[in-house]
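Working through the structure, step by step
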Amino acid sequence: MSAPSEGPGLSTRWTVADLLTFSRFPLAIMFLLVPSAGWRIAILCVAGMTDLIDGWAARRWGSSRLGVFLDPVADKVFAGVAFGVVLFAGALRPWEIAAVLLRDIVATVGFLITVVRRKPVSIPARISGKIVTGCQLATLLAFLLESSWLRPLAWLTGLAALYAIADYTYGRHEARAL
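Anyway, here's the lowdown on the structure attached to this text. All figures in this text were calculated on a predicted structure; none of them were measured in a lab.

This model, assessed by the stated rule, comprises six aromatic pairs. Ring geometry for F69 versus F111: centroids 5.9 Å apart, planes at 45°, classification tilted. Placement of F69 in helix α4 (residues 65-89) and of F111 in helix α6 (residues 102-116) is noted, with a sequence separation of 42 residues between them. Residue classification places F69 among the partly exposed positions, given a relative accessible area of 35%. Taken together, W14, F22 and F25 form an aromatic cluster joined through their ring pairs. In this arrangement the basic side chain of R40 is found over the ring face of F31, its NZ or CZ atom lying 5.5 Å from the centre.

Further remarks concern the nonpolar core. Counting 24 residues, the largest nonpolar core has F31, F78, F83 and V86 as the members making the most contacts within it. When contributions to this core are tallied by element, the ones reaching two or more residues are α2 (24-33), α3 (37-61), α4, α5 (94-100), α7 (127-144) and α8 (150-170). Top element by residues in this core is α4. It accounts for six residues. Once residues lying within four places of it in the same chain are set aside, the contact partners of F83 are I97, V100, L101, Q136, T139 and L140.

By the secondary structure assignment, R24 is in helix α2. A polar contact is formed between the side chain of R24 and the side chain of D54, at a distance of 3.0 Å. A polar contact of 2.7 Å, which involves the side chain of R24, links it to the side chain of D71. Beyond its immediate sequence surroundings of up to four residues, R24 is in contact with A47, T50, D51, D54, D71, A74, D75 and F78.

Rules behind the numbers
All residue numbers here refer to positions counted from 1 along the written sequence of the relevant chain. Selection of residues for local features in this predicted model requires a pLDDT of at least 70, selection of side-chain atom pairs for listing and counting requires 80 or more, and totals for whole chains, interfaces and linings are taken over all residues. Only hydrogens and water are set aside; all other atoms, that is, all heavy atoms of the structure, feed into the side-chain values. Only rings of Phe, Tyr and Trp enter the pairing, Trp through its six-membered ring, and a pair is recorded when the two centres are within 6.5 Å. The plane angle decides the type: under 30 degrees is stacked, over 60 is edge-to-face, the rest tilted. Numbered from the N terminus, helices here are DSSP runs of H or I no shorter than four residues, and strands are runs of E no shorter than two. Here the term buried applies to any residue with accessible area under 20% of the maximum for its type, exposed to any over 50%, and partly exposed to those in between, with areas from a 1.4 Å probe on protein chains only. Definition used: whenever NZ (Lys) or CZ (Arg) falls within 6 Å of the ring centre and also within 35 degrees of the ring normal, the charge is taken to sit over that ring. To form a nonpolar core, buried Ala, Val, Leu, Ile, Met, Phe, Trp, Tyr and Cys residues must be joined to one another through side-chain atoms within 4.5 Å. Should any heavy atoms of two residues lie within 4.5 Å, those residues are considered in contact. Here a polar contact is taken to be a pair of N or O atoms separated by no more than 3.5 Å, where protein atoms must pair a possible hydrogen donor with a possible acceptor and residues adjacent in sequence count only if both atoms sit in side chains.

Now the structure itself:
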């Protein structure tokens, strides 16, 4: 059963997009547990691909109401776990990790405020958010490759996060009730 909306709509049943989204939870656990940089690079690539493809699959074949909620949660859990590994390794300072995750932190706080007010909303993805995600993935890859680009990429990601926060705050978008 689907609710009317743009495209295929929201279903009460799990869809391909939802399964792709959900896969990032076990991928986050695997990223934490495997000691090999090679395996972590593979996990990072798979997580990045599922993040890219789940949006396309949702537009093409629809998503469940739960999937709309789970997608940003899965993204934030994976990023949080992965950058926890970076922090634990001592590769970046805590405030640099906070800068890299700033967009996610602000989005989470904003969402929690809407939940407390009992008016939770879903805000459609914007290019600024995609830029932050790409920068986060590049920063993680630099960490895994032990690249000298790690710190500059972390700073770039922090700047992209500030841009995304401004874009989501002041840009035109349509929030959808959850």
